[in-house]
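Here's the letter readout for the chains.
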Amino acid sequence: MKNTKSMIPTIFKTLHTSTLNELENIYKNWAPDYEHDVIQLAGYVGHLITTRLLLKYFTNNEFEVLDAGCGTGLVGEILHKKGIKNIVGVDFSQQMLDLALKKNVYKSLHLMDLTKKLDFEDDTFDAIVCAGTFTCGHVGPEAFVEMVRITKSGGYISFTVRKQEWEALPYEKTIKDLEEAELWHEIERFTSDYNVQEGISCQLCLYQIAA
Ligand SMILES: C[S@@+](CC[C@H](N)C(=O)[O-])C[C@H]1O[C@@H](n2cnc3c(N)ncnc32)[C@H](O)[C@@H]1O
């Protein structure tokens with residue numbers, strides 16, 4: 001992926017790391033400026049579109065929602081304002097989690113790597129939101145299997161996949177394999193704005209776990 005004049009240097013760096021350790025170090029230093037940079041400079045809307053899509057279908061405020069790759073808590077803030085109180089967040093950056101904690105919108109926050117087996121029982125959550133985290137150098141389509149495992153039958157997974165990541169990795173195949181295995185099915189999937197000021201789009205997806 002080329003750097004463009006409009007791309008924020010730190011965002012460019014996060015998309016071009018070769019190890020999780022390197023990525024973690026970038027977030028460690030970037031955490032205090034993350035929200036300003038992604039929203040004001042890049043025009044990021046991942047948190048807005050994933051929550052809006054989920055809330056079209058998701059009606060019970062008592063439900064348990066996982067914010068996967070919660071970062072500083074942008075998704076949690078929106079869900080909390082909408083009356084959802086059982087929000088659990090996971091992220092692999094302690095510095096991002098520390099900022100999410102300050103928002104007082106999460107029931108619990110956990111340091112966890114979404115590319116590994118997740119420390120949750122089967123069928124734990126009614127929904128997962130994963131905004132901005134299926135992206136280059138972050139989390140790939142292999143994470144879907146665990147997300148499906150920990151989501152209840154009839155539950156939803158709402159996520160973005162950045163355009164270049166969608167084209168580079170076997171997202172379509174992994175998603176189709178899970179459909180063919182009758183583990184989930186598509187509710188909505190379409191191209192959406194993502195980093196508006198950078199001119200970057202994403203696939204915005206909502207899948208429902210088989211009943
Ligand atoms: C672009 S930010 C999105 C944060 C938040 N969801 C939002 O919408 O603002 C990506 C987040 O994914 C986290 N992340 C990257 N790789 C991860 C991994 N393997 N496991 C868990 N979190 C990861 C980063 O620490 C960062 O907080």
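Owing to the predicted nature of the structure, the values given are computational and were not obtained by experimental measurement.

## Things to note about the overall build of the chain
The number of helices and strands found in the chain is 8 helices and 7 strands. A compact globule built from 211 residues should have a C-alpha radius of gyration of about 17 Å, and the chain, at 16 Å, falls within 12% of that. Each of the three principal axes of the chain carries a C-alpha extent, and together these read 45 × 35 × 30 Å. Buried positions account for 39% of the 211 residues belonging to the chain. Summarising the internal contacts of the chain: among those between residues at least 6 apart in sequence, 71% fall at separations of at least 24.

## A look at the sheet that holds strand β7 (residues 200–209)
Spatial strand order, β3-β2-β1-β4-β5-β7-β6: 7 strands in an open sheet with mixed pairing. Two strands bound the open sheet, and with one partner strand each, they are β3 (108–111) and β6 (184–195). For this sheet, the mean inter-axis angle between neighbouring strands, taken without regard to orientation, is 15 degrees. Both strand β1 (residues 64–68) and strand β4 (residues 125–134) contribute to a ladder of 3 bridges, which runs parallel. When the sheet's bridge partners are listed, Val-65 is paired in β4 with Ala-127. Of the strands in this sheet, β2 (86–91) and β3 touch helix α5 (residues 94–102), which is tilted by about 175 degrees from β3.

## With respect to the site of the ligand
If you check the shell around the ligand, you find 22 residues, and the closest are Gly-69, Gly-71, Phe-92, Ser-93 and Gly-132. Secondary-structure elements contributing two or more residues to the shell around the ligand are α2 (20–41), α3 (46–57), α4 (74–81) and β4. In terms of residue class, the shell around the ligand is made up of 11 nonpolar, 9 polar and 2 charged.

## A few points about the nonpolar core
Among the nonpolar cores identified, the biggest contains 56 residues, and Val-65, Ala-68, Ala-127, Ile-128 and Val-129 are the most heavily contacted of them. The residues touching Ala-68, leaving out its near neighbours within four places in the chain, are Val-90, Leu-114, Ile-128, Val-129, Cys-130, Thr-133 and Met-147.

## A closer look at the packing of α3 against α4
Where α3 contacts α4, the axes come no closer than 9 Å and their chain directions differ by 40 degrees. Our classification of the angle between α3 and α4 gives oblique. α3 and α4 meet at a crossing whose hand is right-handed. Taken together, the residues of α4 that come into contact with α3 (itself represented by His-47, Thr-50 and Thr-51) are Leu-74, Val-75, Ile-78 and Leu-79. In terms of residue class, the contact of α3 with α4 is made up of 4 nonpolar, 3 polar and no charged.

About the criteria used
Residues numbered from 1 in each chain as written. Predicted model: local features only at pLDDT ≥ 70, side-chain atom pairs only at ≥ 80, totals over all residues. Helix = DSSP H or I, 4+ residues; strand = E, 2+ residues; numbered from the N terminus. Rg over C-alpha atoms; globule rule 2.2 N^0.38 Å. Buried ≥ 20, exposed ≤ 12 C-beta atoms within 10 Å, placed from the backbone. Contact = placed C-beta atoms within 7 Å. Pairing = 2+ DSSP bridges. Axes fitted to C-alpha atoms, helices over the stretch in contact; angles between N-to-C directions. Near = placed C-beta within 6 Å. Nonpolar A, V, L, I, M, F, W, Y, C, P; charged D, E, K, R; others polar. Core = buried A, V, L, I, M, F, W, Y, C linked by C-beta atoms within 7 Å. Parallel < 35°, antiparallel > 145°, perpendicular 65-115°, else oblique. Left-handed = near helix turned anticlockwise from the far one by under 90°.

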